[in-house]
Amino acid sequence: MARTPADLVRADPDPPFEITFDGRTVTALPGQSVAAALWAAGILAWRTTRHGGRPRGAFCGIGQCYDCLATVNGEPNRRACLVPARPGDAITTQEGHGRAGLAV
Amino acid sequence: MSNSSSDVIVVGAGVVGAACAYYAARAGLAVTVVDRGPVAGGTTGAGEGNLLVSDKEPGPELELALLSTRLWSDLADELPARIEYEAKGGLVVASDASGLAALRKLAAAQAGAGVTAEEVPADRLRDLEPHLAPGLGGGFRYPQDAQVQPALAAAHLLRASGARVRTGEEVTAVLTGANGRVRGVRTAAGELRAPFVVNAAGTWGGEVARLAGGHLPVLPRRGFVLVTEPLPRVVRHKVYAADYVADVASGSAALQTSAVVEGTPAGPVLIGASRERVGFDRALSAEVLRRLAAQATALFPVLAGVRVLRTYAGFRPYLPDHLPAIGPDPRVPGLLHACGHEGAGIGLAPATGLAVARQMTGGQPPLDLGPFSPGRFAPAD
Amino acid sequence: MPGSPSEPYDLAVIGAGPAGLAGAATAARLGLSVAVLDAAAQAGGQYFRHPAPGLGAARPEALHHDWAAFTELRRRFEASGAAHLAGHHVWAVMRRDEGLWSVHALVGEDGGEGAGHGGGTAFGRGGGLADGGRGGAGADGATAPGAGGGGMPRGGGRGAGGARGHDGAGAGVGPVTRDGRGAGARADAVSGREGPASAGAGDERTVRLHARAVLFATGASERHLPFPGWTLPGVVGAGGAQAMLKSGLVLPGRRIVVAGSGPLLLAVASTLAAAGARVPAVAEAAGYVGYARSPRTLAANPHKLLEAAVHGTALLRHRVPLHTRSAVTEAHGTDRVEAVTVSRLDRDWRPVPGTGRRIACDALAVGHGLAPQTELATGLGCATRRVPDGTHALVLDGLQETSVPGLWAAGEAGGTGGWELARVEGELAGIAVAARLRALPALTRGRRVRDLARRRDRTRAFADAMATTHAPGHGWTAWLDDDTDVCRCEEVTAGSVREAVTGLGARDARTVKLLTRAGMGWCQGRMCGAAVACLAASGTARGTVPPSAERRPLAVPVPLGSLAAGPEEPGDA
């Protein structure tokens, strides 16, 4: 019986690469979304809510719920479940609206 | 049915109807509010919550707005903070020196009517609004301008009124007695009795008037609002471009857009305002969206990278002379009108409600209601 | 030739799932010029979502029972001449003129990057295929000089997805963004604006194409019913877990409870188990007795029985216990889910006191069936109907046309019913559109149309039977504490929604939204809409305002800068 999803489909991926999450190195496979790469590393939350400061991550997995919004390479509100991971991507936990820098 | 009779039936559960109910109840009347839709389901729910004096030239509407501004400030103390009343002030900006000169002239005229306006030179604009585009010609700050969340304001006014609220119930007839005097309304659920009926039906005010045998030429003027993703406070005032004033006053059917940009306590920035006469067509217009977005980002370039989450159309109920109809119908005793406030209904609601309540209880009107008389549209017999 | 700014397509298809692919292939073979717009990088839609080529999946069929049927459908689509515009997030469709529609899409967006990648993949895979612009975003990316190689770590040979160019018409070269990714736009079909138009987030642009007819093959999204703890990390949609697994080969945890209602649950549980997860329980809120009530419908749909048997066997093999009339009524944990409480439900889905059982887990996959995605169509005034499960679907005639002439729909947008129904409806719609546009009504009178219509009607009947079974019982709201967040985006609690209903007179979801902000956040009520509608209706005594299908004039958030630079529409003023 298969032990991993990769086993199930007999995956032979292209060489992995590295991204970072809050400074920590995470390995990603080509073709994975940012959310998939984070899940693979056991990371389920990469955003905190505006009001309660509660942790959130991917929920619907198809770009509909916007719960997986992350700051990717400094740009807030990217849907991690859709954005493909690219070598060197820096993912950071997004706090609230992710745009504190605009406050006046 | 014992609960089917009251002193006054208000048709319309928008902000104007809610204000009429509130002040009528405060004057001691038993009030029933009927609406075919939900609370704040029409123009109120599609509004931005403008409480403006800055966009009005001296005249009766400005008088009404100034009274309302004072009443809103009182209401803000009485109603829960959740109505999001903010005395944030308005900032009207001119793109160049000649625009500023026109604003200066308007402000001087308004000052005579009791409007406070402070000139803001070009080099001080960004002290007030750090994200404003460079190169603007200056502007005027209007501290009396304010904002509420209109649906919450209407709902809390209604609740505070203690009125019986019957939503989802369409008025199908206005009942009159042998003497022609109003005695109530009929809805799908039955007859509701009252010696007074207030027509606060907004864009449908003309139809309610017609049901009663009256005449009020209320027409819809469509406007779109864009709502952005939640943001921190990036815009402090209600900020708009000088040509907004001209658009508000215009009677043109053609599309007019002039950006009105403001933050909200909840986070999103709201962007209005477009005006066009297209009936009740809600269809999205790419051109309206493009123009509003272009004008808003011209004022606040920082918004270019911010997403619009939704947009909605609302229909401003307007009358041909752009003044509301407030007061008794000339032909149907017991019927009072409180509609046709165009894009200013949130702002003008309290003064309208107070005036209508005074008229039903025989009190002194709070201001000269002559210019708002519904009789001005009566067809010549 | 369509493809120049002034020349409309005959048909724009929104969605590249089974309905869209079948509709597009059929219409194209009947002589229409067709463009398919889809947000994803690869065709397939949600059901046939599959690993990106770079993941090198040798057996994608292990994730889909019907993989062979899909690859055949995709082959037909690719051979049909229809263009595949991947990475196109359609945000609105508007009436341009009599008989002409404009379709507005955002490209270079979150998924639009995927289009760029798709392009790279198509290039790598096809090599010499990089010949023309008409092949959609995948091929466009490939034709953009350098886009195929720019930073793409993977190359040749592998993978099955993607689009390819087919006729070489039009320039079709999407602008290459600063980091070398193809933006995935077909510049030839749009207004001609060049390059990233503003400082919009992620170099996004809005593009527009025109079409004489539109086919909404927009699919469905998962319906959710909240419960305490459902916002904890590790609680994911059942469809979401499935989607992440199918596309990214990842799981949210090692020990995953599956819960909710609907036939998807069994499929999710067996796939998760096959992929190595322990599934300590499947909690199905309905009783499955409803199926037995329609034996004739069942008998007419043997494939459905087969499917259920396959999943059932898989569950047995993986020793997954199935609890019917049960629900997860609470998820426990502080920063992530650590356990769930599964309770027995009464007939109305009210938890039976004292039956709660705590099950340790590190993830929960939960969902309550699918809700049709209709907002693009309802924005144009298309009528909807209430499906027995409480969702709203588009009203369609016998040939899949909506209540607005010129607009068709196929698949889940007209009511959820599975991928085979979607394919059948897509083909029907393709024929109907061709018959209309080519003024050949005889096309719709053939035996093929009769066969398709019969299959559609039979499958729809089955779908309705299932919908009735899995309609949420009105007692489900008893799961909610007053401090349970109902709206995930705006963190609006069940208590505030109830207060708006009992204290402020809200009787419908829209009024609740205006008074509480539930549904006003990023997702625009997609996650909380069903729950809010239920809570609003619970306050109703007299004078109910009938619930209407949700309206979302913008189907996708659009940066102001992109809107501002958007295509001029002189005729639209």
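The preceding data block contains the structure.
This one's a predicted model, so the numbers in the text were calculated from it and none came from an experiment. Positions within a chain are numbered from 1, following the residues in the order the chain's sequence is written. Here chains are named by letter from A upward and ligands by number from 1 upward, in the order in which they appear as written. Given that this is a predicted model, residues contribute local features only at a pLDDT of at least 70 and side-chain atom pairs are listed and counted only at 80 or more, while totals for whole chains, interfaces and linings are drawn from all residues. Derived side-chain values reflect all non-hydrogen atoms in the structure, with water molecules and hydrogen atoms excluded from consideration.

Some thoughts on the overall build of chain A
- Of the regular secondary structure elements, chain A holds two helices and eight strands.
- Helix numbering and strand numbering both begin at the N terminus, where a helix is a DSSP run of H or I of at least 4 residues and a strand a DSSP run of E of at least 2. Ordered by position from N to C terminus, the α and β elements of chain A give α-β-β-α-β-β-β-β-β-β.
- C-alpha atoms of chain A, sized along the principal axes, occupy 55 × 25 × 20 Å.
- Relative to its 104 residues, chain A shows a buried fraction of 59%.
- Note that accessible areas follow from Shrake-Rupley with a 1.4 Å probe, and for residues the cover is restricted to the protein chains shown. Per element, the accessible surface of chain A, about 3800 Å² overall, is 49% carbon and sulfur.
- One finds the centroid of the 11 positive side-chain charges in chain A at a distance of 9 Å from the centroid of its 9 negative side-chain charges. Each residue is placed in one exposure class: buried if its accessible area under a 1.4 Å probe, protein chains only, is under 20% of its type's maximum, exposed if it is over 50%, and partly exposed if it falls in between. His is not counted here, nor are the chain ends, while Lys and Arg score as positive and Asp and Glu score as negative. By convention, the charge on Lys lies at NZ, on Arg at CZ, on Asp at CG and on Glu at CD.

Brief notes about the interface of chain C and chain A
- We call two residues in contact when some of their heavy atoms are within 4.5 Å. Taken together, the contact pairs 67 residues of chain C with 50 residues of chain A.
- Whenever a carboxyl oxygen of Asp or Glu lies within 4 Å of a side-chain nitrogen of Lys or Arg, that contact is scored as a salt bridge. Here chain C and chain A share two salt bridges between them.
- The partner of Glu-490 of chain C in a salt bridge is Arg-50 of chain A, and the shortest N-O contact between them spans 2.8 Å.
- Mapped onto the side of chain C that touches chain A, the elements with two or more residues apiece are α3 (110-126), β8 (235-237) and α5 (238-248) of chain C.
- When residue character is reported, Ala, Val, Leu, Ile, Met, Phe, Trp, Tyr, Cys and Pro are called nonpolar, Asp, Glu, Lys and Arg charged, and the others, Gly included, polar. Classifying every residue of the side of chain C that touches chain A gives 28 nonpolar, 21 polar and 18 charged.

Thoughts on the packing of aromatic side chains
- Only centres within 6.5 Å qualify two rings of Phe, Tyr or Trp (six-membered ring in Trp) as a pair; their planes then separate them into stacked at under 30 degrees, edge-to-face at over 60, and tilted for everything else. Using the criterion set out here, one finds 10 aromatic pairs over all chains in the structure.
- Taken together, a centroid distance of 4.7 Å and an interplanar angle of 90° make the contact between Tyr-47 of chain C and Phe-48 of chain C edge-to-face.
- A relative accessible area of 0% means that Phe-48 of chain C is categorised as buried.
- We call a charge positioned above a ring when the Lys NZ or Arg CZ atom is no farther than 6 Å from the ring centre and deviates by at most 35 degrees from the ring normal. Between the NZ or CZ atom of Arg-36 of chain B and the centre of the ring of Trp-204 of chain B, over which it lies, the distance is 4.4 Å.

Digging into the interface of chain B and chain C
- Residue-level contacts link 44 residues of chain B with 45 residues of chain C.
- Reported buried area values correspond to the accessible surface (1.4 Å probe) lost by two parts on association, with both partners' losses combined. Carbon and sulfur atoms make up 59% of the surface buried where chain B meets chain C, a total of about 3800 Å² over both sides.
- Together, Arg-307, Leu-309 and Arg-310 of chain B form the three largest contributors to the area buried by chain B at its contact with chain C, with a combined 18%.
- Counting the contacts that link chain B with chain C gives three salt bridges.
- Of the charged contacts in the structure, one is a salt bridge between Glu-499 of chain C and Arg-82 of chain B, with a shortest N-O distance of 3.2 Å.
- Polar contacts, as counted here, are pairs of nitrogen or oxygen atoms within 3.5 Å of one another; within protein the pair requires one atom able to donate a hydrogen and one able to accept it, and residues that are adjacent in sequence qualify only if both atoms are side-chain atoms. Seen at the junction of chain B and chain C, the total is 10 residue pairs in polar contact (both at pLDDT 80 or more).

Topic: the pattern of salt bridges
Residues and elements named next belong to chain B.
- All told, the structure shown has 42 salt bridges over all chains when counted by the stated rule.
- Here Arg-233 and Glu-86 are joined by a salt bridge, their closest N and O atoms 2.4 Å apart. Residue Arg-233 is located in the loop between β13 (219-230) and β14 (238-241), and its partner Glu-86 is located in the loop between α2 (60-78) and β4 (90-94); the two are separated by 147 residues in the primary sequence.
- Its relative accessible area of 16% is what places Glu-86 among the buried residues.
- Across the pair Arg-186 and Glu-191 runs a salt bridge, and its minimum N-O distance is 3.5 Å.
- By relative accessible area, which is 28% here, Glu-191 ends up partly exposed.
- Each of Glu-86, Lys-88, Arg-233, Lys-238 and Glu-262 takes part in salt bridges that share partners, so that together they form one network.

Focus: the side chain of Lys-88 of chain B
Residue and element names in this part refer to chain B.
- Note that Lys-88 resides in the loop between α2 and β4.
- Judged by its relative accessible area of 11%, Lys-88 is buried.
- Here the side chain of Lys-88 touches Gly-263 through a polar contact of 3.1 Å, landing on its backbone oxygen.
- In this structure, Lys-88 is in contact with Asp-145, Ala-146, Gln-147, Arg-233, Arg-236, His-237, Lys-238, Glu-262 and Gly-263, ignoring residues within four places of it in sequence.

A word on the sheet that holds strand β3 (residues 47-48) of chain A
All names here are of chain A.
- The strand order across the open sheet built from three strands is β4-β3-β8, with neighbouring strands paired in mixed fashion. With one partner strand each, in any of the chains shown, β4 (55-56) and β8 (94-95) form the two edges of the open sheet.
- For two strands to be treated as a pair, DSSP must find no fewer than two bridges joining them. Sheet topology note: the β3/β8 ladder contains two bridges and is parallel. Along β8, the bridge assignment pairs Thr-48 with Glu-95.

Describing helix α1 (residues 18-29) of chain C
Residues and elements named next belong to chain C.
- In this scheme, a helix's expected span is set at 1.5 Å multiplied by one less than its residue total. Its 12 residues give α1 an end-to-end C-alpha distance of 16 Å, which sits within 8% of 16 Å, the value for a rise of 1.5 Å per residue.
- For α1, the complete set of buried residues consists of Pro-18, Ala-19, Gly-20, Leu-21, Ala-22, Gly-23, Ala-24, Ala-25, Thr-26, Ala-27 and Ala-28.
- Where α1 is buried, its residues contact β1 (9-14), β2 (34-37), α2 (67-80), β6 (205-216) and α11 (419-437).
- In the segment just after α1, Gly-31 is the residue with positive phi, at about 100°.

Describing the sheet that holds strand β9 (residues 171-176) of chain B
All names here are of chain B.
- The antiparallel open sheet is built from three strands, whose spatial order is β9-β10-β11. Of all the strands in the sheet, just β9 and β11 (190-193) have a single pairing partner and so form its edges. Neighbour-to-neighbour, the strand axes of the sheet open up by a mean angle of 25°, direction not taken into account.
- Both β9 and strand β10 (residues 182-187) contribute to a ladder of five bridges, which runs antiparallel. Considered in β10, the bridge of Thr-176 is made with Val-182. Where helices are involved, their axes are fitted lines through C-alpha atoms of the stretch in contact, as for all axes, and angles between N-to-C directions lie from 0 to 180°.

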